Amino acid sequence: MMKAVAAGVALSMVVVGVPSAQRAAPQRDSSTLSSTVTAVLVDVVVRDRNGRPVLDLDAGDFSVAEDGVPHKVESFTRISRGAGIGVSVAWRTPGTTVVDGSPASPVNAASDPLQSEGATAIVFDQLSSESLRLAQKATLGYIPMSGEASVRVGVFSNEMGIRVLQGFTTDRALIRRAVASVLPTGATAGEQKVERTDDLQARRRDLYAQDDPTGGGASANTQALAQNASAIGLRETELRMIQTELNMIRAMEHLDRENRGYDTALTLLGVIRTLASYPGRKTIVFFSEGLPVSPVLSARLDSIIEAANRSNVTAYAIDANGLRTKSTSTALQKEVDAFAEERFRQLSSGVDRGDQPMMKEMERVEDTLRLDSRTGLARLAGDTGGILVEQSNDLSSAFRRIDEDSQFHYLLTYAPKNTVFDGAFRSIQVKVRRPGSQVFARKGYRAIRTSVATGAGNYEAPALALLDRGPLPNAFPIHAASFSFPDPVRPGLTPVIVHLATNRLHFQVNDRRASYAADAAIVVRVRDGEGREVQKISQQYLLAGDVKDLDAAKRGEILFYRELDLPVGVYTIESVVFDANAAAGSARVSTLTVPRPDPASLGMSSLVLVRRVEEVSDPPRAGSEPPLYVGRSLLYPNLGEPIAKSAASELPFYFALYGPRDGIAPRVQLLQNGRALADAPLSLPASSGPRVQHVGRLPVASLPAGTYELRISVKDGSREISRSAFFTIQE
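For clarity, every value in this text was computed on a predicted model and none was experimentally measured.

Visitor: I would appreciate a short explanation of the overall build of the protein chain in the present structure.
Guide: In terms of regular secondary structure, the protein chain is built from 12 helices and 35 strands. Expressed as a percentage of the 731 residues in the protein chain, the buried residues total 51%. Within the protein chain, residue pairs in contact and separated by at least 24 positions form 76% of the contacts whose partners lie at least 6 positions apart. Taken as a whole, the protein chain presents about 32,400 Å² of accessible surface, with 52% of it coming from carbon and sulfur.

Visitor: Explanation requested: the pattern of salt bridges in the structure shown.
Guide: A side chain with one charge may pair with a side chain of the opposite charge, provided their charged atoms come close. Counted according to the given criterion, the structure contains 26 salt bridges. In this structure, Arg281 engages Asp43 in a salt bridge whose closest nitrogen and oxygen atoms are separated by 2.6 Å. With Arg281 in the loop between helix H5 (229-275) and strand E10 (282-288) and Asp43 in strand E2 (residues 40-47), this residue pair connects regions lying 238 residues apart in the sequence. Summarising the burial analysis for this pair, Arg281 and Asp43 share the class buried.

Visitor: I keep staring at the sheet that holds strand E11 (residues 313-319) and nothing clicks. Help me out?
Guide: In any sheet, the strands associate via hydrogen bonds between backbone groups, in a parallel or an antiparallel arrangement. On the basis of which strands lie adjacent, the open sheet formed by six strands has the order E9-E8-E7-E10-E11-E12 and mixed pairing. Edge positions in the open sheet fall to strand E9 (162-171) and strand E12 (388-389), since each of these has one partner strand only. Here strand E8 (residues 148-158) runs beside E9; their pairing, made up of six bridges, is antiparallel. Across the sheet, Asn158 pairs through a bridge with Ile162, a residue of E9. Sitting on the sheet, helix H2 (residues 172-180) is in contact with strand E7 (119-124), E8 and E9, with an inclination near 160 degrees to E9.

Visitor: Please explain the pairing of strand E24 (residues 584-594) as it appears in this structure.
Guide: Along any regular strand, the residues point their side chains to alternate faces of the sheet. Relative to E24, strand E23 (residues 569-579) runs antiparallel, the two sharing 11 bridges. Paired with Phe578 across the bridge in E24 is Gly585. Taken together, E23 and the strand that follows it, E24, pair antiparallel across an intervening segment of four residues, in which Ala583 is found at a positive phi of about 55 degrees.

Visitor: What exactly am I supposed to notice about helix H1 (residues 129-142) here?
Guide: Two residues of an α-helix separated by three or four positions point the same way, owing to the 3.6 residues in each turn. Taking 1.5 Å per residue as the helical rise, H1 with its 14 residues ought to reach 20 Å, and the 20 Å between its terminal C-alpha atoms agrees with that figure. As for H1, its buried residues are in contact with E7, H2, E10 and helix H10 (396-407).

Visitor: Is there a simple way to explain the packing of aromatic side chains in this structure?
Guide: Note on aromatic pairs: each is described by the distance of the centres and the angle between the planes. Counted under the stated rule, the structure contains 11 aromatic pairs. Ring centres 5.7 Å apart and planes at 55 degrees place the aromatic pair Phe156 and Phe168 in the tilted group. One end of the pair, Phe156, is in strand E8; the other, Phe168, is in strand E9, with 12 residues separating them in the sequence. Classification of Phe168 as buried rests on a relative accessible area of 17%. Measuring from centroid to centroid gives 5.6 Å for Tyr708 and Phe727, while their planes differ by 20 degrees, and the two rings are stacked. Of the two residues, Tyr708 is situated in strand E34 (residues 706-716) and Phe727 in strand E35 (residues 719-730); the sequence distance between them amounts to 19 residues. Residue Tyr708 shares its accessibility class with Phe727, and that shared class is buried. Among the aromatic side chains, those forming a connected cluster through ring pairs are Phe62, Phe76, Phe408 and Tyr410. Across from the ring centre of Phe440, 4.4 Å away, lies the NZ or CZ of Arg401, which sits over that ring. Arg612 extends its terminal NZ or CZ atom over the ring of Tyr636, reaching a point 3.9 Å from the ring centre.

Visitor: Would you mind showing me how to read the packing of H1 against H2 here?
Guide: Axis separation between H1 and H2 bottoms out at 10 Å; the angle between their running directions is 170 degrees. One way to sum up the angle between H1 and H2 is to call them roughly antiparallel. Of the residues in H2, those in contact with Gln136, Thr139 and Leu140 of H1 are Arg176, Val179 and Ala180. Residues that form the contact of H1 with H2 fall into these classes: three nonpolar, two polar and one charged.

Visitor: Is there a simple way to explain the environment of Asp519 in this structure?
Guide: Relative to the helices and strands, Asp519 resides in strand E20 (residues 515-527). A sequence separation of 13 residues divides Asp519 from His506, and the C-alpha atoms of the two residues are 8.2 Å apart. Sequence-distant contacts of Asp519, that is, excluding residues within four places in its chain, are made with Gln540, Tyr541, Leu542, Phe578, Asp579, Ala580 and Asn581. Among the polar contacts made by the side chain of Asp519, one reaches the side chain of Gln540 at a distance of 3.5 Å.

Visitor: Sorry, what's going on with unusual backbone geometry here?
Guide: Note on backbone geometry: most residues besides glycine have negative phi, and most peptide bonds are trans. Phi is positive for Asp67, close to 55 degrees, though the residue is something other than glycine. Relative to the helices and strands, Asp67 is located in the loop between strand E3 (62-66) and strand E4 (69-71). The partly exposed category is assigned to Asp67, whose relative accessible area is 41%.

Each value, and the rule that gives it
- Residues numbered from 1 in each chain as written.
- Predicted model: local features only at pLDDT ≥ 70, side-chain atom pairs only at ≥ 80, totals over all residues.
- Heavy atoms only, no water.
- Helix = DSSP H or I, 4+ residues; strand = E, 2+ residues; numbered from the N terminus.
- Buried < 20%, exposed > 50% of the residue type's maximum accessible area, 1.4 Å probe, protein only.
- Contact = heavy atoms within 4.5 Å.
- Areas by Shrake-Rupley, 256 points an atom, 1.4 Å probe, with all protein chains shown as cover.
- Salt bridge = Lys/Arg side-chain N within 4 Å of Asp/Glu carboxyl O.
- Pairing = 2+ DSSP bridges.
- Axes fitted to C-alpha atoms, helices over the stretch in contact; angles between N-to-C directions.
- Expected span 1.5 Å × (residues − 1).
- Phe/Tyr/Trp six-rings, centres within 6.5 Å; stacked < 30°, edge-to-face > 60°.
- Lys NZ or Arg CZ within 6 Å of the ring centre and 35° of its normal.
- Parallel < 35°, antiparallel > 145°, perpendicular 65-115°, else oblique.
- Nonpolar A, V, L, I, M, F, W, Y, C, P; charged D, E, K, R; others polar.
- Polar contact = N/O pair within 3.5 Å; in protein donor to acceptor, adjacent residues only side chain to side chain.

This is the structure we're talking about:
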């Protein structure tokens, strides 16, 4: 049974009873172009061979081709502005927009700068303490202490999904405050793994040296075996133990990388979705320690790039590992050295083990090469028209370039000659007729007739179609809920959870291969009070294994968990689970209110009924606990599942209070059909922090079968706050 919690994660995606290594890669995103689009817009930056911006090109200097076929430039816009994120940049041309040709919607920076200057998102991936410190220092060193930025700037971080630290604003003081508030995300454990790996490899070298003290090859080994059989047996046992621990460390690294990569993809797609609605040039400045391009995450990276290109978002990736004094190639060099040492030892001893550890060492080198931190970052930047900044502690020139690109660039449009929307990728090539020029533009788009939400994976489409078809589908039982935790630091913190028992899925059995397979997608869509989609999160679950393990797979569960940051307002949360094998699904709809934060008043979270509690050995650090952690206890909510009296004599419940708590009088009530069955005062635990967490237990053994309401009320002077949760008791 797989654990529901990975290191540093409150409630990650879980498939209990199904090994994660057996899951196939998600399908590639194929959404970029709607059938209503009649022209393709290309945002172009041109620089000379010395890296300086080229400012004086005309429409006749450009040529555009799609899939190698020349196209006519239908419209040409030269945009020139002053100022940017940080310092002002002086231009040799007036700070106005120059339009040549006849674009459909010419940009007019002079008449309404905030409607045309564009937007920049500064995004911090999960970073170690050292990398984050350097990234913050570089960013704060570039952004002035006060004043207004010319472009809107938002600040985001990746913490199990997108976290909005500062919505888009031109106030530089707010931008700086948000940048300074980013926290590191537990790279200490990863650094300890590196140190432990180094120690194990060093010990292995020592043991090999003892095994072959003369370096004399097979004859020397034979003599050593005869004289020191017992000692060599002990060394061989230790070598096997070292190899086992190395394999375990590498397996954990792989799982951790997959989890972090998925969270990063969600964060970037969320930022792109937000930027898509803004006019002008849209930019992402992405600080990361690497985007892996493993088979599982490669499709996600494709989706990010295609979504960015469709929304005309340019990404500038900054390799945060490159900000360190330590070389980014150190890890790769270690793996190559370890591989060479192992191979040389085998050849010298005359023993060529084709299975272990030789092949695993080789695969490890290939894995390190493929997952080099710069590979994914370079693709993200290059394919969207940006650049990768690496191996540099001086980011002032990088930020200056980002500002320059935002202030001066060209907009071209052309009408595609190929009007068949077949889902194929169409490459775009932009050239200029000036020798030595460098052109930076998006690499292409994907033609599809159906307009799909930004970043939607193929697995999402049937689930969303089922959700929109009406009435709400209910092919099998599912449970879904969302909770509000108005933390002063994250007032819109909203955990969203969907639970499904795997025995509700249709498993296909392949008798010839003696295997099983199931395919489920969970999609959650958030709409605001006016019915507009504001966020969408999803995950595909591909379950596969040997048919002998089918019964165990059916005894598992899928637990989908995400944390959203929502602005103040009322929202509709739509959750749908789609079983691809059965072509059927179930959906649930609920409402959620995100209250307006008031530091001077008492705040209260949702009331959470608890299904089970898990004690963890490695809880999150103080001050960064996810909302469902209470000390070392991780709480799994009851999302509406009936409670069997024979299985539980008590029902745990949980809530949190924020803000001033002097003189408050909390009470707990049990109601049925609006009639109070019990009413009692509630004692809260002592807490000197910004919140107080309370976990209580309601006796249910004596309750008759039926549906009940648990209500917590807190009086703060003349003001009363209450939260309720309903549950069902079964005999």
